[in-house]
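# Structural overview for review
Residue strings, one per chain:
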Amino acid sequence: MDTLSNLLTHFSLHAGVFYTGNICGTHDYGADALRGHIHLVKHGPVQVIGERHGVINITEPSLLFLPRPDSHRLIADERAGADMVCATVKFGGGGRNPVNDSLPNVVLVKLAELAKVQELLELMFDEAFSDQCGRQAVLNRLCEVLMIRLLRYCMAHGLTQGGTLAGLADKRLAKVLTDIHKDPARARDLASMAALAGMSRARFAARFREVTSETPADYLASWRIMTAQGLLKRGRQLKHVADDVGYGSASALTRAFVRKLGCSPTEWLKGRQDAQTSM
């Protein structure tokens, strides 16, 4: 399995198209802590104004992805409007994850620059601006395919801001990251990871931090905690989760949780349940 596919088995991609058609005037979108937002512009112009990213003027067919969207406003011409597809994207159930965390606040790519996606885009726009049965399901699946193409583009063109995607784009580091993703429980030290990358320990440690913005040990610990969160959400008992992710006991996993997240697994689960109840 390739590096990106392996990552997406842990943080599965789910897209939900919520608007298709011609959009006119001003539209406001609230901040979203759980989902990224896609604004696919077939025909503009469109102006997008956000609290963090300021003003973005889109004058030709483009794909705008906001991995961690703050409140933002979309403005199209009052008369001519803009032909658009808008969707939400969740990785692994939403919230923080290594896919979103690897991307800048704004990813803007001209559709002409996305290699070999013209047929996909034509099919997507055909579905978007028609009224056929199964349209919503088809649009969601096509949007997920488009999102994977966008992730490939970001990795290939250095649009990542460190983290997992940047590491996976580096051939030597990708071997180590993929190994960690497949088996987080296995014991590893700097020497074994450097050997897998085919590098000296010093060079590997420096390169790993330069590319991912983390030390190898910190990355391994973070991945173990994220894996533990996924298992806990599925109802697996804490003592079994500790074994699954490489900690010798529930108390050891709890200490690691507190170091990384500032709370215990029990507190984290309760906070997550309370948040879902209040939604």
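See the structure shown above.
Right, let's walk through the structure included here. Quantities reported herein were computed from a predicted structural model and do not represent experimental measurements.

What follows is about the sheet that holds strand β2 (residues 25-29). The four strands are arranged β2-β7-β4-β5 in an open sheet whose pairing can be described as antiparallel. The open sheet terminates on both sides in strands that have one partner only, identified here as β2 and β5 (54-58). On average, adjacent strands in this sheet sit at an angle of 15° to one another, irrespective of strand direction. Direction of pairing for strand β4 (residues 46-50) relative to β5: antiparallel, over a ladder of five bridges. The partner of Q47 across the bridge, within β5, is N57.

This part covers the packing of aromatic side chains. Scanning the entire structure with this criterion turns up six aromatic pairs. Ring plane angle 75° and centroid distance 5.8 Å describe the contact between F208 and Y219, whose orientation is recorded as edge-to-face. Here F208 is found in helix α8 (residues 201-212), whereas its partner Y219 is found in helix α9 (residues 216-233), with 11 residues between them in sequence. According to the relative accessible area criterion, Y219 is buried, its value standing at 3%. Their ring planes at 65° and their centres at 6.2 Å tell us that F257 and W268 sit as a pair that is edge-to-face.

With respect to the secondary-structure elements, N100 resides in helix α2 (residues 98-101). With relative accessibility at 4%, the residue N100 sits in the buried group. N100 has contacts with F65, P67, R68 and F91, leaving out every residue within four places of it along the chain. One polar contact links the side chain of N100 to the main-chain carbonyl oxygen of P67, over a distance of 3.2 Å.

Reading the values: the criteria
- Residues numbered from 1 in each chain as written.
- Predicted model: local features only at pLDDT ≥ 70, side-chain atom pairs only at ≥ 80, totals over all residues.
- Heavy atoms only, no water.
- Pairing = 2+ DSSP bridges.
- Helix = DSSP H or I, 4+ residues; strand = E, 2+ residues; numbered from the N terminus.
- Axes fitted to C-alpha atoms, helices over the stretch in contact; angles between N-to-C directions.
- Phe/Tyr/Trp six-rings, centres within 6.5 Å; stacked < 30°, edge-to-face > 60°.
- Buried < 20%, exposed > 50% of the residue type's maximum accessible area, 1.4 Å probe, protein only.
- Contact = heavy atoms within 4.5 Å.
- Polar contact = N/O pair within 3.5 Å; in protein donor to acceptor, adjacent residues only side chain to side chain.

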